[in-house]
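Each chain, letter by letter, is given below.
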Amino acid sequence: MPTAAHTATRLAYDDEGDGTPVVLLHGLTFDRRSWRPIIQRLGGSVRSIAIDLPAHGESPGPPVPVEQVPARLHELLNALAVERPIVVGHSMSGGLAALYAATYPTRGLVSVDNGPHIRPFAELVRRLEPALRGPGFAEAWPTFEHSLGLERIPEPTRSLVLATHQVVVVGYWETLLRSDPAELQAWMDNAKPDVPFLGVFGRPITDAERERFASLPDVQLEEWPGDGHFVHLVDPDRFTSRLRQFVEHCTAAG
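Residues numbered from 1 in each chain as written. Predicted model: local features only at pLDDT ≥ 70, side-chain atom pairs only at ≥ 80, totals over all residues. Heavy atoms only, no water.

S.K.: Please clarify how the overall build of the protein chain should be interpreted in this entry.
M.R.: What the protein chain contains, in helices and strands, is 13 helices and eight strands. Counting over 254 residues, the protein chain shows a buried share of 55%. When contacts within the protein chain are restricted to residue pairs at least 6 apart in sequence, long-range pairs at least 24 apart make up 69% of them. Total accessible area computed for the protein chain in this model is approximately 10,800 Å², and 51% of it derives from carbon and sulfur atoms. Charge separation in the protein chain, taken as the distance between the mean sites of 23 positive and 32 negative side-chain charges, equals 1 Å. (Helix = DSSP H or I, 4+ residues; strand = E, 2+ residues; numbered from the N terminus. Buried < 20%, exposed > 50% of the residue type's maximum accessible area, 1.4 Å probe, protein only. Contact = heavy atoms within 4.5 Å. Areas by Shrake-Rupley, 256 points an atom, 1.4 Å probe, with all protein chains shown as cover. Lys, Arg positive; Asp, Glu negative; His and termini not counted. Charge placed at Lys NZ, Arg CZ, Asp CG, Glu CD.)

Structural data, given as structure tokens:
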């Protein structure tokens, strides 16, 4: 398994397998190791590229606002001679993957438990800003953590997704903290990638999310209620099978 860090971007990554390139982006405060159960099940049938986002895992440096990350990812993928990947993002990285697909050539987009209706979440983050930025972080963070369903993830994978660091959270949420929620929602609504889309949710999809999904040209939605925020790790066999089907769909779509 080739493991390296790109000289210019300083992003650490694992690159293995052959075929259609599938870029795997982890959620906030986690790292690329959280994708190991999926990569192992893919068995080299695709070219999987799992990347540590800035300030995560083995990628050094400070956290950066989400809107600045796609350019760093594209520089790395160019260096790896990756053209038109399928980009898979969990949680925060679902939105990050969408921004990438709206900006750079992409074959397909997969969002894991991340919907396009972000205004309610942005409003919550704005209300908790003083605590998130200050000494009250430890009391504020459980507001978010309790909804993740961490207890559903089997070991040893669960241990890979438990670390939380205030500086990383605030750094990546800087755009949420300094933007008007309505304006942020409008910005995201305008970032519509024109590629096949798969959304996998461990909960029921809301009406507001379905309304926005309906505007996409090629959308597939999966609801697996009860599997929680880490739906891909709670049932990795099912998720990997669904991802394989989507890769085939994207390949057929050209």
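On we go from here.
S.K.: What exactly am I supposed to notice about the packing of aromatic side chains here?
M.R.: The description of two aromatic rings rests on the distance between their centres and on the angle between their planes. Taken as a whole and judged by the stated rule, the model has eleven aromatic pairs. Ring centres of Phe 121 and Trp 173 lie 5.5 Å apart, and the angle between their planes is 85°; this geometry places the pair in the edge-to-face category. Of the two residues, Phe 121 sits in helix α4 (residues 119–127) while Trp 173 sits in the loop between α8 (166–172) and α9 (174–178), which places them 52 residues apart along the sequence. By relative accessible area, Trp 173 is classed as buried at 7%. Taking 6.0 Å as the distance between ring centres and 70° as the angle between the ring planes, the aromatic pair formed by Phe 201 and Phe 213 counts as edge-to-face. Highlighted residues: Phe 201 in strand β7 (residues 197–201) and Phe 213 in helix α11 (residues 207–213), separated in sequence by twelve residues. (Phe/Tyr/Trp six-rings, centres within 6.5 Å; stacked < 30°, edge-to-face > 60°.)

Read these as layout, nothing more, since geometry by itself doesn't imply function.
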